[in-house]
Every structure is written in structure tokens, then in C-alpha cells.
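# Chains, contacts and geometry: an overview
Residues per chain are reported as follows:
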Amino acid sequence: MTTTTHATSEHPTDWSALVRTEPHPSPASDEKRTQALRAPAFGTCFTDHMVLVDWTRDAGWTDPRLVPLGPLPLHPAAAVLHYGQEVFEGLKVYRHPDGRLVAFRPDRNAVRLRRSARRLALPEVPEGLFHAAVDALVAADHAWVPSGPGDSLYLRPFVVASEAFLGVRAADAALFGVIASPAGAYFHAGVDGISLWLSTTYSRAGRGGTGAAKCGGNYAASLVAQQEAAEHGCAQVLFTDAETGRWVEEAGSMNLFAVLADGTLVTPPTTGTILEGVTRDSVLRLAADLGYATQERPFGVDEWTRLAASGELTEVFATGTAAVITPVVRLVSADAVVETPTVGFGPVARRLHAELTGMQFGTVPDRFGWLREVGAH
Ligand SMILES: Cc1ncc(COP(=O)(O)O)c(C=O)c1O
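Residues numbered from 1 in each chain as written. Predicted model: local features only at pLDDT ≥ 70, side-chain atom pairs only at ≥ 80, totals over all residues. Heavy atoms only, no water.

For the chain, an unreviewed UniProt entry supplies the name Branched-chain-amino-acid aminotransferase and the organism Cellulomonas composti. Taken from UniProt, the Sequence similarities (unreviewed entry) comment for the chain reads in full: "Belongs to the class-IV pyridoxal-phosphate-dependent aminotransferase family." Taken directly from UniProt, the Cofactor (unreviewed entry) text for the chain runs: "pyridoxal 5'-phosphate". (UniProt positions renumbered as here; feature names shortened; annotations may be inferred.)

## What about the site of the ligand?
In the region of the ligand, 16 residues are neighbours, and Lys214, Tyr219, Glu250, Thr279 and Thr321 sit closest. Arg112 is positioned with one of its side-chain polar atoms (N or O) 2.8 Å from an oxygen atom of the ligand. Measuring from an oxygen atom of the ligand, one finds a side-chain N or O atom of Thr279 at 2.6 Å. When isolated, the ligand has an accessible area of 390 Å², and the protein chains bury 95% of it. Broken down by secondary-structure element, the contributors of at least two residues to the shell around the ligand are α6 (278-289) and β16 (313-320). (Near = heavy atom within 4 Å. Polar contact = N/O pair within 3.5 Å; in protein donor to acceptor, adjacent residues only side chain to side chain. Areas by Shrake-Rupley, 256 points an atom, 1.4 Å probe, with all protein chains shown as cover. Helix = DSSP H or I, 4+ residues; strand = E, 2+ residues; numbered from the N terminus.)

## Quick notes on empty space enclosed by the protein
Tallied over the entire structure, the rule returns two cavities of 30 Å³ or more. Space inside the largest cavity adds up to approximately 70 Å³. As for the largest cavity, its lining consists of Leu91, Lys92, Tyr94, Phe104, Asn109, Val278, Thr279, Thr321 and Gln360. For the lining of the largest cavity, the secondary-structure elements that each account for two or more residues are β6 (91-95) and α6. Considering every element that reaches the lining of the largest cavity, the biggest residue donor is β6, with three residues. Taken together, the residues of the lining of the largest cavity break down into four nonpolar, four polar and one charged. (1 Å grid on protein atoms, 1.4 Å probe; cavity = no way out; pocket = protein on both sides within 12 Å on 5 of 7 lines; lining within 4 Å. Points joined across faces, edges and corners; volume = space filled by probe spheres on them. Nonpolar A, V, L, I, M, F, W, Y, C, P; charged D, E, K, R; others polar.)

## Notes on the pattern of salt bridges
For the structure on display, the rule yields 22 salt bridges. What you see here is one network of salt bridges that share partners, running through Arg20, Glu22, Asp54, Asp63 and Arg65. (Salt bridge = Lys/Arg side-chain N within 4 Å of Asp/Glu carboxyl O.)

## Here's the deal with the environment of Glu163
Inspection of the secondary structure assignment puts Glu163 in the loop between β8 (152-161) and β9 (173-183). Its relative accessible area of 18% is what places Glu163 among the buried residues. Separated by 10 residues in sequence, Glu163 and Ala173 have C-alpha atoms that sit 4.7 Å apart. Every residue in contact with Glu163, bar those within four places of it in the chain, is listed here: Ala77, Ala78, Ala79, Arg169, Ala171, Asp172 and Ala173. At 2.6 Å, the side chain of Glu163 and the backbone nitrogen of Asp172 are in polar contact. (Buried < 20%, exposed > 50% of the residue type's maximum accessible area, 1.4 Å probe, protein only. Contact = heavy atoms within 4.5 Å.)

## Notes on the nonpolar core
If you look at the biggest cluster of nonpolar residues, it comprises 44 residues, and the most contacted ones within it are Val93, Leu155 and Phe176. Looking at this core, the elements with two or more residues in it are β3 (49-56), β4 (60-68), β6, β7 (101-104), α3 (106-119), α4 (127-140), β8 and β9. Among the elements that line this core, the one with the most residues is α4, at eight residues. Those residues in contact with Leu155, other than ones at most four positions away along the chain, are Glu89, Gly90, Leu91, Val93, Val134, Leu137, Val138, Val178, Ile179 and Ala180. By size, the runner-up hydrophobic cluster in this structure holds 25 residues, among which are Leu265, Leu290, Ala349 and Leu356. (Core = buried A, V, L, I, M, F, W, Y, C linked by side-chain atoms within 4.5 Å.)

## Things to note about the pairing of strand β13 (residues 255-260)
Within β13, six of the six residues are buried, which leaves it mostly tucked inside the rest of the structure. The two faces of β13 match: Asn255, Phe257 and Val259 on one face and Leu256, Ala258 and Leu260 on the other face are all buried. Across six bridges, the pairing between β13 and β16 is antiparallel. Counted as the bridge partner of Phe257 is Phe317 from β16. Judged from the two bridges that link them, β13 and strand β14 (residues 265-267) form a sheet pairing that is antiparallel. (Pairing = 2+ DSSP bridges.)

## Examining the domain arrangement of the chain
The domain architecture assigned to the chain consists of domain 1 (4-184) and domain 2 (194-361). In this structure, domain 1 and domain 2 have C-alpha centres spaced 28 Å apart. With 25 residues of domain 1 at the interface, the matching set in domain 2 holds 21 residues. For the pair domain 1 and domain 2, the summed buried area comes to about 1,900 Å², and 56% of that belongs to carbon and sulfur atoms. Linking domain 1 to domain 2 there are two salt bridges. For the salt bridge of Glu276 with Arg115, the shortest nitrogen-to-oxygen distance reads 3.9 Å. Linking domain 1 with domain 2 are 12 residue pairs in polar contact (both at pLDDT 80 or more). When contributions to the side of domain 1 that touches domain 2 are tallied by element, the ones reaching two or more residues are β5 (86-88), β6, β7 and α3. (Domains from an automatic or database assignment. Buried area = accessible area lost by both parts, 1.4 Å probe.)

Spelled out as C-alpha cells, the structure:
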């Protein structure tokens, strides 16, 4: 049976009751799964199932279904393939010592997916549908949530324009999907820290552009800058503002923080050109709770250079769901290398990392109500 519904905030639909289940006829064997979970690399192996939901402008969201993971039935003229009308999310599910599976602030990802969708003229996934999809997938593939230290199940919700036509307009049909991938450490050099390449050739986002949206096009446009970073021995690219190149924005897939000698945390403001990271917001709230001063304000490359030289800047770190908190040990540009005074985790980054990952893994109390149990089975 196909379910059709237009949920409104006044009449929320119980989406979880509507998800149709088509179990995988031949899921991965215990042996194969155990092998895959032993040392999961990031984003290379996927669980047995996926959730798909159709949308059309006339019918709204229809037929939420949990089905075996497999290729999508996309017409070669599907709008996403030509015009890049696509948005996505990334969040993690952790296995707690008491056996519960919990997602970290999935409500923030649901909100951001809707905001990204608005910017890309895609349909907004109702929050209830987002959570029902996550729940259904984690319940079906709960055995894929790893239990090794630092390991988790990474979820990738996405919305793509699926209508088949050629022409530049918002598609009248879309597909919402969620897939899952067991994840271990993101950067191999994570503990020692990473180097950032200051790109002066490429910009990530301009005023009025899509910088604040999590859309595929932003990442496609960043790849060549990322290649340039790699050619200079750096793990990530640092993007500055498109107009002047003076102001720090963010790394290719992470937000940035500088720590001053008095313990103040400084991070660039979210004025439309950077992604509002869930980890960034969590670090800001956690840091304030721990008694650190926090500043969301423009932070210049020249200030970074000057304060690092004088010792007034003590730590730099990057934040993101995939790598949580990663120390930045140097900023490399065509004519200078700015070393961060602290190599590896400094005391502030270490404390925030310990608190945040402690909450995520269930060893530190969740005093902000950030965890949501998912996939009860
Ligand atoms: C461009 C960009 N900035 C920042 C982030 C960090 O966001 P979050 O903490 O929500 O993972 C990401 C990762 O999703 C990203 O891709």
C-alpha cells in the first residue's frame, strides 16, 4: 500500500507508523559484518538497508519505505544529475554501555536539512519523517552500530531532485533517502593535528550564495581547492571570505575555532557563507557551560598570524560530525607557514573533546538533552 500525506504542524503525521518494511533477502553474514566493523574506515562500507521516501508537488511525501540498500531508480534526465539540486546531512549514532543506541542532536540535522532544502528549492522533509526514517534504518541495521572506541554509525540523509526533464527550474519530484555507514576515526593524523592550506585561488561561498546550505554543489566546487591543499601537504583547505580573502570562514568540511591565551574561544560568525555546524554550536554551548568566554566574530588571517607569533593564540581546532574536534597545527599559504603554538590537542580542545565524546558515548551525563535514543528494537 502506498501512503500519501501532507503533514502540517497542526496535524503532524505519525510517520513511524507509516514506514513500510521490505527486509533484505540476504543481509551480510555475521562474519562479514564483524569483519567490516573491526576497523571501519569512513564512508566506505554501507549497511544492509536504506530508507526512501518519494515526493511530488501534487502528492507530497509518499511511501516511506525501508528497503535493501541498492541503486536508485533515477532517470538519466533526473534534475539532480544536471543541475545539482541536492541537499544532505550527516549525523552519528553511538552504542552506549547500557546497550542503547543514541543519535547526537538529530533535531539540529532535521532543521538544517529543511533550511538547506529551502535554499535549493527542494521540498522540506517534516521533522517527524526525518526521525522516523532514522529510527527505521537504525532499528533494522542495529547490529551495524560498532562498539569499538571512537566508532559510530554515520547516517547520511539526502534529498535529490528526481524529476526527469531538461531545463532550469525547481523539480516537481524528489526523493528523500537515508543510508548508513560504520565509521571510525576520520583523519588518520587526527590526534596529532592537521595542516590547513590557505587557498587564495578558490572561494567556497559568496554573499547570497549557498554557503550556509549543505548542498552537493558546495563540495563539488571545493574539490579542486582540496586537491591544491593535498599538493601542499595539507589535509584540508581553509576558505576565507570571497570578497577580501582576509577573513577566516571554515575548512572544507569543518568549522574553525581559535583559543586565546586567556581561554577565550573565537569562531567566525554564521552570516550566510559558512555552514552552521552542529558540532560548532555544541562546542560554543559546552565551552560557555565550562566557563570559557566565547566570541562569534570576524577572525582575520592577519590576526591569526600575529597572535600565533606573539603567543596570544594558543590553540586552533576544527569541528565537525565526522572528526568531532581536530587540532590544527599549522596554516600554510604560498608565502608563509603559521605554526600553532600547541602541537596536537591543547588543554582546551582536549577538555571539550573529552566532554563532547563522553556525552556522545554515554560516559558523561547528557546535561543538555542532546541525545535521542533511536532504533529501539
Ligand atoms: C562545510 C562544512 N562546514 C562545517 C561542517 C561541520 O558541521 P557539523 O558539525 O554539523 O558536522 C561540515 C560538516 O558537515 C561541513 O561540511
